[in-house]
Amino acid sequence: NAGVMQNPRHLVRRRGQEARLRCSPMKGHSHVYWYRQLPEEGLKFMVYLQKENIIDESGMPKERFSAEFPKEGPSILRIQQVVRGDSAAYFCASSAERGLNTEAFFGQGTRLTVV
Amino acid sequence: AQKITQTQPGMFVQEKEAVTLDCTYDTSDPSYGLFWYKQPSSGEMIFLIYQGSYDQQNATEGRYSLNFQKARKSANLVISASQLGDSAMYFCAMRGGSNFGNEKLTFGTGTRLTIIP
């Protein structure tokens, strides 16, 4: 029973390029969350998606960032025209259902470095 | 708005001693959940323990227990008989509210725990 799978684990992009981060939730999970962690900081919420729907994107920067969770395939976090400040660890979490006590299982993260 | 405060940036504890990691929270929601996660140097986030706002008893999971004091809005993590493998960053987090879609976790800034042999 595979956990939440994120790939790539490490991603290096030059300024101005696009970064695509993938997240495959645990089997049977239809709720996906993306978080960003800057060095030496806690995780900051970015976006919450269910299959084919964005439920809460209050943490997403207004420009250059987008997320999707199609009916088939992984969830994708896309960052266009990356800048140095986008360098961070991006974590995906999934859960089977909504609810206050529903555990969110985290992937191992993608470490994005913009050079 | 929800807020989590962890006031201990770093702690050093002798092996086999108990350790308490502080966490206070702020929310206007009557229903909420509190979580603790461990992040070792390898980077993954490991779920440790959960406490619901209406739970009557403090949560326990093996060597982990949560000292939940609702009136003080605190949810401290207690690790008994610490081990070298407990060295890691520890994050307190909250999920809450009755609003639809309010599923996100709000994290504190973390406490770096180092266990000394």
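Residues numbered from 1 in each chain as written. Chains lettered and ligands numbered in written order. Predicted model: local features only at pLDDT ≥ 70, side-chain atom pairs only at ≥ 80, totals over all residues. Heavy atoms only, no water.

(A) Seen up close, the overall build of chain A. A count of helical and extended segments in chain A gives zero helices and 11 strands. Along its sequence from the N terminus, chain A presents helices and strands in the succession β-β-β-β-β-β-β-β-β-β-β. Dimensions of chain A along its principal axes, counting C-alpha atoms only, are 40 × 25 × 25 Å. Across the 115 residues that make up chain A, the buried fraction comes to 43%. When contacts within chain A are restricted to residue pairs at least 6 apart in sequence, those whose partners lie at least 24 apart make up 53%. Within chain A, the 12 negative side-chain charges are centred at a point lying 7 Å from the centre of the 17 positive side-chain charges. (Helix = DSSP H or I, 4+ residues; strand = E, 2+ residues; numbered from the N terminus. Buried < 20%, exposed > 50% of the residue type's maximum accessible area, 1.4 Å probe, protein only. Contact = heavy atoms within 4.5 Å. Lys, Arg positive; Asp, Glu negative; His and termini not counted. Charge placed at Lys NZ, Arg CZ, Asp CG, Glu CD.)

(B) View of the overall build of chain B. The number of helices and strands found in chain B is zero helices and 12 strands. Listing each helix as α and each strand as β along chain B from the N terminus yields β-β-β-β-β-β-β-β-β-β-β-β. For chain B, whose C-alpha radius of gyration is 14 Å, the value lies close to the compact-globule estimate of 13 Å for 117 residues. Projecting the C-alpha coordinates of chain B onto the three principal axes gives extents of approximately 45 × 30 × 20 Å. Evaluated residue by residue, chain B yields a buried proportion of 54% over its 117 residues. Once local pairs closer than 6 in sequence are excluded, the contacts in chain B between residues at least 24 apart make up 56%. Just so you have it, chain B exposes about 5500 Å², and 50% of that area is on carbon and sulfur atoms. The averaged location of the 10 negative side-chain charges in chain B is 4 Å from the averaged location of its 10 positive side-chain charges. (Rg over C-alpha atoms; globule rule 2.2 N^0.38 Å. Areas by Shrake-Rupley, 256 points an atom, 1.4 Å probe, with all protein chains shown as cover.)

(C) Region of the structure containing unusual backbone geometry. Of the consecutive residues A:Asn7 and A:Pro8, the connecting peptide bond is found in the cis state with omega at 0 degrees. Secondary-structure assignment places A:Pro8 in the loop between β1 (5-7) and β2 (10-13). One non-glycine residue with positive phi stands out, namely A:Arg64, at about 75 degrees. As for its position among the elements, A:Arg64 is in the loop between β6 (53-56) and β7 (65-68). One non-glycine residue with positive phi stands out, namely B:Lys73, at about 55 degrees. Within the secondary structure, B:Lys73 is located in the loop between β8 (64-69) and β9 (74-79).

(D) Structural view of the state of the cysteines. All names here are of chain A. Within this structure, the stated rule accounts for two disulfides over all chains. In this model Cys23 forms its disulfide with Cys92; the gap between the sulfur atoms is 1.8 Å. The disulfide joining Cys23 to Cys92 has a torsion of about -50 degrees about its S-S bond and is therefore left-handed. Of this pair, Cys23 sits in strand β3 (residues 19-24) while Cys92 sits in strand β9 (residues 88-95), placing them 69 residues apart in sequence. Take Cys23: its relative accessible area is 0%, and that puts it in the buried class. (Disulfide = S-S within 2.5 Å.)

(E) The arrangement of the pairing of strand β2 (residues 10-14) of chain B in detail. Residue and element names in this part refer to chain B. Of the two faces of β2, the one holding Met11 and Val13 is buried and the one holding Gly10, Phe12 and Gln14 is not buried anywhere. As paired strands, β2 and strand β12 (residues 111-116) are joined by five bridges and run parallel to one another. From the neighbouring strand, Val13 faces β12, where its bridge partner is Ile115. (Pairing = 2+ DSSP bridges.)

(F) Spatial organisation of the side chain of B:Ser53. All names here are of chain B. Mapped onto the secondary structure, Ser53 falls in the loop between β6 (46-52) and β7 (60-61). The class for Ser53 is buried, based on a relative accessible area of 4%. Polar side-chain contacts of Ser53 include one of 3.3 Å to the backbone oxygen of Pro30. (Polar contact = N/O pair within 3.5 Å; in protein donor to acceptor, adjacent residues only side chain to side chain.)

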